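Observations on the model geometry
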Amino acid sequence: PHGYEGQGPDHSSARIERFLSLCAQGNMTVALPTTPANYFHLLRWQALSGRRTPLVVFTPKSMLRLKDATSPVTEFSTGAFHPVIGDEAGLDPAGVRKVLLCSGKVYYDLAARRDKEGRTDTAVVRLERLYPVPDADLLTELGRYPADAEITWVQEEPANMGAWPTMALKLPDIVGRPVSRVSVPASSAPAVGSATAHKAEHQHVVADAVGHS
């Protein structure tokens, strides 16, 4: 589990940053699938690929109950694992000025906030696989948008945890431009110990990432 859901430090983080710090030379796969079908195809790929390296999957419990995190039956019987899932809001790519890159359940909060604000200039792109970083898939998706669009990594974890320590090193070289970050500040603990404080903190991150129309 990796659920930033207000349950305190001991129940929040499965330490993505520690797993990613161990990744090099294709020695494991680290993923945060956000749809049941993508999770299914990820497990299927691991079983059938003939690989003999570990697969580490982070799966927040709240997505088991999240109505938006569903997949039609046809997506299980066809298709494959998608390391990157592009924006699904039907935006005009030419009008996008900001691309939010994220991983995991924070996607649903960002998409909901973007829709509530009526933003048509903000795309939300999911990295379903954090290692190996899906360079080609990410570049293909970003290629849909203007070259001067702002790219921001958004995460629920503190700045010194989660995927950011790794992404801060890799993403600028991959995309060939600066990548900013929106998250809670660096912390000595994985999460705050109050559900109320957690909710306020999380809402601030989402609002800061999406902005206001």
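Below, the discussion takes up helix α2 (residues 36-48). The terminal C-alpha atoms of α2 lie 18 Å apart, and with 13 residues this matches the ideal 18 Å at 1.5 Å per residue to within 8%. Those residues of α2 that fall on the buried side of the exposure criterion are Ala37, Asn38, His41, Leu42 and Gln46. Buried residues in α2 make contact with β1 (29-31), β2 (55-57), α3 (74-77) and β3 (84-85). Following α2 by one or two positions, Gly50 adopts a phi angle in the positive range, close to 80°.

What follows is about unusual backbone geometry. Omega for the peptide link from Tyr131 to Pro132 comes to -10°, which places this bond in the cis form. Topologically, Pro132 is positioned in the loop between β6 (129-131) and α5 (135-142). We note that Arg15 has phi near 60°; this positive angle belongs to a residue other than glycine. Tracing the chain through its elements places Arg15 in the segment before α1 (16-21).

About the criteria used
- Residues numbered from 1 in each chain as written.
- Predicted model: local features only at pLDDT ≥ 70, side-chain atom pairs only at ≥ 80, totals over all residues.
- Heavy atoms only, no water.
- Helix = DSSP H or I, 4+ residues; strand = E, 2+ residues; numbered from the N terminus.
- Expected span 1.5 Å × (residues − 1).
- Buried < 20%, exposed > 50% of the residue type's maximum accessible area, 1.4 Å probe, protein only.
- Contact = heavy atoms within 4.5 Å.

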